Amino acid sequence: MDLKDLNPMQRRAAEQLEGPVLILAGAGSGKTRTLTYRVANLLSHGVPAWRILALTFTNKAAREMQERIERLAGAGAGDAWIGTFHSICCRILRRDIEKLGYERNFTIYDDDDQQRVIKALLKELDIDDKYLPPKTVSAAISDAKNRLLSLDEWLKEAHGDYKSQKIHDVMTRYEQRLRAANALDFDDLLMKTIQLFLDHPPVLDYYQQRFQYVHVDEYQDTNYAQYQLVRLLTKESRNLCVVGDDDQSIYGWRGADIRNILDFEKDYPDAFVIKLEQNYRSTANILDAANQIIAHNEGRKEKELWTEDGEGEKIALYAAADERDEAAWIAANIGRLHAAGMGWGHMAILYRMHALSRVLEETLMRAGIAYRVYGGTRFYDRKEVRDILAYLRVIENPADDVSLSRIINVPKRAIGDSTVEQMTEFAHRNDMSLYATVAAPPDTLGGRAKKSVQSFANMMAQFLIAREMLPLGELVQKVIDEAGLIAQYEKEGEQDEENQARIENIREFMSAVTEFEQKSEDKTLFAFLENVALVTELDNQEDTPNFVTLMTLHSAKGLEYDAVFLSGMEEGIFPSARATQEENRLEEERRLCYVGVTRARKYLYLSYAQRRMLFNQMQFNPPSCFIREIPKRLLREEYGAAQRSAPGGGWGSYGGSGMRPQGGYGQVRPNYGFGDSVPQRRGVGRVPGGYGNRAGAVGAGGSRTAATPGNPLGIPGVQRGFVGSQARGIDIQLFKPGDKVMHRKYGKGTVREVTGTGENARISILFPVFGEKVFALSIAPIVKVEE
DNA sequence: GTTTCTAATATTTTT
DNA sequence: TATTAGAAAC
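J.: Quick question: what am I supposed to make of the environment of T283 here?
T.: Tracing the backbone shows T283 in the loop between β8 (272-276) and α14 (284-294). Distance from T283 to W306, taken between C-alpha atoms, is 9.0 Å for residues 23 residues apart in sequence. In this view, T283 contacts T307, G310, E311, G312, R601 and K602; residues no more than four positions away in its chain are not counted.

Shown next, in the form of structure tokens:
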């Protein structure tokens, strides 16, 4: 194996094939590269690919590793098991889960399903969900499973007070329900695998023998269960190579235990430890800042990133008057970078929480900047998509009560809540599944209800038969047609934008099925459902999209951009209000900041708002403590027009007609050259129906065809794209005569003139076909388009 | 049984 | 601000 492309440290790590190895890989130090070469090196030393296991946290990381290994070592590497903890466990369980008393076609319950079960149980047990929120229960369930505690052990640890006792009651029933439904939650995938190993030594023995070389990526994020799983697998071979960075441990609140990586050398005294500190991503200034910030944490493995590259630009810092000013500053800089030749796809805006994205979106949209928001509601989380999925899950596993009760009256077929409740109760009393009850409804049901239930049961029975006969795609099509999943939305109204979007989403789902059928080796319904459960949108993110990316700091881990904007750098937001209480939490926030800073290759922009409207409350937060932790010499402070003596040239032209910050006291904000400005107004002219996901992944009507930013084609993964914002009739739009715009109904047109201010602002637009039309600027469904 | 309205409530979320 | 769950009205 030729390792000359690696630096000395990387090479050393890739050469150490035997025994426990800890690679402490700082951000941007070529971690994946090193791991990839190591695996390729194993292969070149004659280790068969099927003896190699690599565990990651994201599908993206897994796929990337797989591809890179195959590129280095050829297609033979395909026999290695490279996947997420969850998917590998799923694979192991699918083979042997019958030994634990489950059937092989088990269903995977996601967080939403889990919540549903818990809510139902709280109701049954007559527990007030204000006294005991479902989230508390699911957190407890997760906690117990992550720590491999039995429910009784968990209760003991929780001091056994009254509330814990109640939680314990719910947990116990929850476990019974899932078992009866032949379902596993995410944490079960890990826990049951370990249980399988412990209860059935021959199974463990098989995998121990098989996987002679085990790798774990992002080791700092492992929880106790994952730690044990790895320990069990490598007990005999002791060939365990873990890669991670304690400074990037940001999932402690989810059970990740940073001690796993900190104590690796205690667990394996003979471990070979190597640090990768040379950074290939960022400029020296950015690294300097990152190093200084993270140095404030205690109890970490000393590391200092360095680079051979130059200092680069200073880090820009902007004290915005409010969140709109902040967004405008960001948009202006994005515009300037783009004008200087940087592609949209090389820039990202990061924030601590999704709630901060709204203002950014509005501003970007008005500025004509193509953007995309990652995270939040995913494609497969949309109601209409989940409905189809629920059908499919019942077809695969009729014992799945949660899914069945979801669809029993979707589309509406006159099986009301009381009927469902009656049958559910009957099912529980007789220890049978809801499906069985539906198939043979009890006589206590009224005649009308019974009839509806029977015809539903007949339809489902048909589907179960079809499952055996039809290929996946045809089966799904049959379900959509015969259950009337599209028809229900067509009936409700053709021109209703929301219904249109839902229909489009269902079609989109169909094409996802088709794509799966074409690409996947295993074309079974089970495999498809597993894929849906374990693969997220973030995994499908394009490498170089033509959009500015907006996402939370958490989702940014592992990614890099030429220019990164860290917004909302305020105490109480970042670090979050809760984190400032405890020192431990603050350290994790600091690591999150470190992660954010080290995403940037060339340019880093920090901003905070002195006044911020959040959750309908005005906040006045001091700048984030993390800003103070960056040496002044690395910063270049920028000021808004109000603070500035002379306007800067170039991209921004200042003045305008005086946009006023919200709340409207005297300060004049710069108009960053998005055309003529109009006094700002809020909360007026909203298109009924709300905002955001309602528009779904796909824009409706004319906006779809517009060559506009956002998500015109409805690609999954876009939570709140362009269309949603547009449909809302935003507060203020900046247009000037000559601008090309797109109207939702009339299509493309040219702005004639803009008159009036505030609510009276009118815009006159000339349309090629419809002629000149005048709209109230505040509510007109128009957006600016580029020629 | 279904639709519509009101009121509470809101970190982060690899699977 | 916007969503969403649950109650009240249809």
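J.: What is the right way to look at the side chain of S237 in this model?
T.: Note that S237 resides in the loop between α11 (224-234) and β7 (240-244). Overall, the relative accessible area of 15% leaves S237 in the buried class. A polar contact is formed between the side chain of S237 and the backbone oxygen of Q212, at a distance of 3.4 Å. Not counting residues up to four positions away in its chain, the partners in contact with S237 are F211 and Q212.

J.: Is there a simple way to explain the pairing of strand β13 (residues 561-566) in this structure?
T.: Counting buried positions along β13 gives six out of six residues, so the element sits mostly inside the fold. Examined bridge by bridge, strand β10 (residues 347-351) and β13 share four bridges and lie parallel to one another. Residue pairing across strands places A348 opposite V564, the latter belonging to β13. As defined by bridge partners, β13 adjoins strand β14 (residues 600-614) across five bridges and the pair is classed as parallel. Residue pairing in the sheet places F565 in a bridge with Y605 of β14.

J.: Would you mind going over the protein's contact with DNA strand B with me for this structure?
T.: The full set close to DNA strand B counts 32 residues, and R352, T419, T536, T552 and S576 are the nearest of them. When atoms of DNA strand B within 4 Å of the protein are sorted by moiety, sugar and phosphate together comprise 57%. A distance of 3.3 Å separates a base oxygen of DNA strand B from a polar atom in the side chain of H86. For the surface near DNA strand B, the secondary structure elements donating two or more residues are α19 (417-429), α26 (553-556) and α27 (583-597). Taken together, the residues of the surface near DNA strand B sort by class into eight nonpolar, 14 polar and 10 charged.

J.: Looking at this structure, how should I read empty space enclosed by the protein?
T.: In this approach a probe as big as a water molecule rolls over the atoms, and the regions it shows empty are the leftover space. Following the criterion strictly, the structure yields six cavities of 30 Å³ or more and no others. In this structure, the largest cavity spans a volume of roughly 300 Å³. For the largest cavity, the lining is made up of 25 residues, of which I108, D110, R393, V532 and A533 are closest to its centre.

J.: Would you mind going over the state of the cysteines with me for this structure?
T.: Applying the stated criterion across every chain yields a total of zero disulfides. No disulfide involves C89; its sulfur sits 8.6 Å from the nearest other cysteine sulfur, which is in C90. C89 sits in the buried class, given a relative accessible area of 1%. Judged by its relative accessible area of 0%, C90 is buried.

J.: I keep staring at the pattern of salt bridges and nothing clicks. Help me out?
T.: Side chains carrying opposite charge are able to pair once their charged atoms draw close together. Going through the model one piece at a time under the given rule, you end up with 53 salt bridges. We note a salt bridge from R116 to D112, for which the minimum N-O separation is 3.4 Å. Of this pair, R116 and D112 both sit in helix α5 (residues 111-124), four residues apart, roughly one helical turn. Residue classification places R116 among the partly exposed residues on the basis of a relative accessible area of 37%.

J.: Can you walk me through the packing of aromatic side chains in this structure?
T.: Two descriptors summarise a pair of aromatic rings, namely the distance from one centre to the other and the angle between the planes of the rings. Within this structure, the stated rule accounts for 17 aromatic pairs. With a centroid separation of 5.9 Å and 80° between ring planes, the pair formed by F509 and F528 is classed as edge-to-face. Pair noted here: F509 is in helix α24 (residues 497-519) and F528 is in helix α25 (residues 525-534), with a separation of 19 residues, a long-range link. Residue class for F528 comes out buried when judged on its relative accessible area of 1%. Cluster of aromatic residues (ring-pair linked, three or more members): W81, F197, Y206, Y207 and F211. If you follow R91 out to its NZ or CZ, it ends over the ring of W81, 4.0 Å from the centre. The ring of Y131 is capped by K163, whose NZ or CZ atom sits 4.8 Å from the centre of that ring.

Analysis parameters
- Residues numbered from 1 in each chain as written.
- Chains lettered and ligands numbered in written order.
- Predicted model: local features only at pLDDT ≥ 70, side-chain atom pairs only at ≥ 80, totals over all residues.
- Heavy atoms only, no water.
- Helix = DSSP H or I, 4+ residues; strand = E, 2+ residues; numbered from the N terminus.
- Contact = heavy atoms within 4.5 Å.
- Buried < 20%, exposed > 50% of the residue type's maximum accessible area, 1.4 Å probe, protein only.
- Polar contact = N/O pair within 3.5 Å; in protein donor to acceptor, adjacent residues only side chain to side chain.
- Pairing = 2+ DSSP bridges.
- Near = heavy atom within 4 Å.
- Nonpolar A, V, L, I, M, F, W, Y, C, P; charged D, E, K, R; others polar.
- 1 Å grid on protein atoms, 1.4 Å probe; cavity = no way out; pocket = protein on both sides within 12 Å on 5 of 7 lines; lining within 4 Å.
- Points joined across faces, edges and corners; volume = space filled by probe spheres on them.
- Disulfide = S-S within 2.5 Å.
- Salt bridge = Lys/Arg side-chain N within 4 Å of Asp/Glu carboxyl O.
- Phe/Tyr/Trp six-rings, centres within 6.5 Å; stacked < 30°, edge-to-face > 60°.
- Lys NZ or Arg CZ within 6 Å of the ring centre and 35° of its normal.

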